[in-house]
Structures are given as C-alpha cells and as structure tokens.
Amino acid sequence: MKTSILALGLATAATAAVAQDRPVLTVLTYDSFTAEWGPGPAVEKAFEESCACDLQFLAAGDGAALLARIQMEGAASDADIVLGLDTNLTAAATATGLFAPHGQTWQHSLPVPFADPNFVPFDWGWFAFVHDKAKLPAPPTSFEALAASDVTILIQDPRSSTPGLGLLMWVKAAYGDRAPEIWAALADNIVTVTPGWSEAYGLFLEGEADMVLSYTTSPAYHLIAEEDASKAAASFTEGHYLQVEVAGKLAASDQPELADAFLAFLGTDAFQSVIPTTNWMYPAVTPEAGLPAGFETLIQPETSLLLTPEEAQSARDAALAEWQAALAR
C-alpha cells in the first residue's frame, strides 16, 4: 500500500514537473472571449494539443481597454499576443511601436479588403441594435428615426469598448459633419452607458431598455443556443458599420516562435470553426463545414460602412468630444 502511495506521489510530482517545463504563451484579450461560454476554453484545448505549451489568457475588460493596458505597460507587459483590438484601434496600436510584424500568409474570407503587416483578422461582424420582436415589433430603421422615437437604448463607452467606439465611427461614417446633431437628438434615448458589451447586453436581457448596441449576429445565439427566435437586429437604412477583430504579436514577447504559431493557428479550421457559436461573430476564414444552421436567418446589410484605420484614428478624438458634449447636456 505504501509502495503504491509512493509511486502515485512520484508520478504526480513528475507530471507537475513536466507541466512546469512547458513554455507559457500569454494572450491578452477581452472578458467575454475567456468566459466559459466564450471561445477561450475550446481554443486553449485545441492549441495546447499541438503546441506542447501552456496557453494562458489574461482578461482585461472590453476590447478598447486592451490597447490602454498595453500603452500603460509598454514593453514590460507579460502578454505575448493581444487578441481583440479592431481596425478602429490598429493605427493607434501600430503607433506605439510595441507590435511586431506577424509574417502570416494564410488567406481570410472577409467581405472587405484587409492587409496589415502587424495584425491578422480572426472574426468580423456588423454592429446593430438588437431588440425583442414581441416587445418592439416595429423598431426604428435609422438613427434619425430612433432619435425621433421614445425607444430606449443601451450603449457602451467608446473609451473602453470596441462596440462603443464602433458606434461613434458608425454615426461619423453615416452622417459626417451632422454627427453632433445626431448625438444631440439621441441623448435622451440612452438609458445608460456601460464599460463593456457584456454589461449592456445583460441589462437588455433584464428588460432595462428596448434595444442594445450589439451585432447582427447576436440573435443567432438566442436561436441556436436557446432555441429562442424572439430577438432580432434592426436594419438601418444608412447601412451598418463593420467590425474586423484582430490579433497581434508584441515585439517584446519572450516566446516569439510560439506567438507566431498561435497567429498561424488563428487561420485554421480548429480555431475558425469555434467562432460562430462561441463568439457569435462571422469567422475570418469560412469553416470547412460552413456556417451553422440559423446564421442564414440573420439580416444582411445592403451597405457596409467602414473607415480605414487611419481615418478612424483621425476621427476618434473629435467624435468622442461630440459624444461627450451631447450626453453632458
């Protein structure tokens, strides 16, 4: 008996020693990616099966908070990869000088041209306002109609959230110099501004507002995961702003080869097939099996709005000031 216990103890110690010897790849990402219902657990399992490493996620709030953290930590960051920025932030991220060229050659299937030496796309989607069809059977079909109505909305803070920043770019791309006017008219429709997407969507599900800023793909979650067809995304005549989410390697990474392997992994079916029913977005590379049943029911905007990374960076400060001024009244 003692011999068996000793053998078990030695085996456990040996396993722990092997685990400690495995290199660690640290990926900084947003909260919902690492949630038990998000892509994180499946991605971790799949990558570790091929990398002989320990993949660890660091959660840092919503997408826009990732850049703020990297700017604060600089080259001293523990992260090797940042996953969850989007094209509204990539110009600012590149300007930090903290990211290294990715060197990847795998091909994406995005609906728009995409080429960035430092960042690779991993998913995409259109921003939209989601509503309950029974509670709001005839939603507004434009920002102007929304502003003229008594429909209440939940949005996210553009300083910490990529959907929040995406909304600023959406209004700016659709209305240009009229953006301050649109925000002034929308101010009384806004119930609250949350730090990130998860908080806003949770409040919407609790009935705190008629609509929430989310994605055209969000109703797919309810339909597929909950067998609930009650949610829909309102189609806006101005068009819908496109979000492309990206990942990049930090130049100061102490695991550059492992980081490159992870960026290559993003383009594989093992990663991309997980995205539609965990992150509830369109994958950057269409999976071999295609999109899950239910995605065909989603609205397909006739017009896609998207500022280039440089245009988004140039517009950000003025758009943020317009938004703050409108909400302060």
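Above this note sits the structure.
Residues numbered from 1 in each chain as written. Predicted model: local features only at pLDDT ≥ 70, side-chain atom pairs only at ≥ 80, totals over all residues. Heavy atoms only, no water.

What's the story with the packing of aromatic side chains in this structure? I'm lost.
Taken as a whole and judged by the stated rule, the model has 25 aromatic pairs. Each ring, one from Phe 47 and one from Phe 262, has its centre 5.2 Å from the other, and the planes form 90 degrees; the classification is edge-to-face. With Phe 47 in helix 3 (residues 40-51) and Phe 262 in helix 11 (residues 256-265), this residue pair connects regions lying 215 residues apart in the sequence. The buried category is assigned to Phe 262, whose relative accessible area is 0%. An aromatic cluster is built from Tyr 30, Phe 33, Phe 47, Phe 57, Phe 122, Phe 262, Phe 265 and Phe 271, whose rings are joined through pairwise contacts. (Phe/Tyr/Trp six-rings, centres within 6.5 Å; stacked < 30°, edge-to-face > 60°. Helix = DSSP H or I, 4+ residues; strand = E, 2+ residues; numbered from the N terminus. Buried < 20%, exposed > 50% of the residue type's maximum accessible area, 1.4 Å probe, protein only.)

Which parts of the structure should I look at to understand the nonpolar core?
Where a protein is soluble and globular, its nonpolar side chains tend to be buried together. Core analysis: the largest hydrophobic core is formed by 88 residues, its most contacted members being Leu 85, Phe 129, Phe 143, Trp 170, Trp 183 and Phe 262. Leu 154, Ala 200, Tyr 201 and Phe 204 belong to the second-largest nonpolar core, a separate cluster that totals 7 residues. (Core = buried A, V, L, I, M, F, W, Y, C linked by side-chain atoms within 4.5 Å.)

Looking at this structure, how should I read the pattern of salt bridges?
Overall, the coordinates contain 9 salt bridges when judged by the stated rule. The salt bridge involving Glu 322 is made with Lys 172; its shortest N-O contact spans 3.0 Å. Note that Glu 322 is positioned in helix 13 (residues 309-328) and Lys 172 in helix 7 (residues 162-175), a separation of 150 residues in sequence. As far as burial versus exposure is concerned, Glu 322 and Lys 172 are alike and both buried. Between Lys 231 and Asp 228 there is a salt bridge, with its nearest N and O atoms 3.6 Å apart. Judged by relative accessible area, Lys 231 falls into the buried class, the value being 13%. (Salt bridge = Lys/Arg side-chain N within 4 Å of Asp/Glu carboxyl O.)

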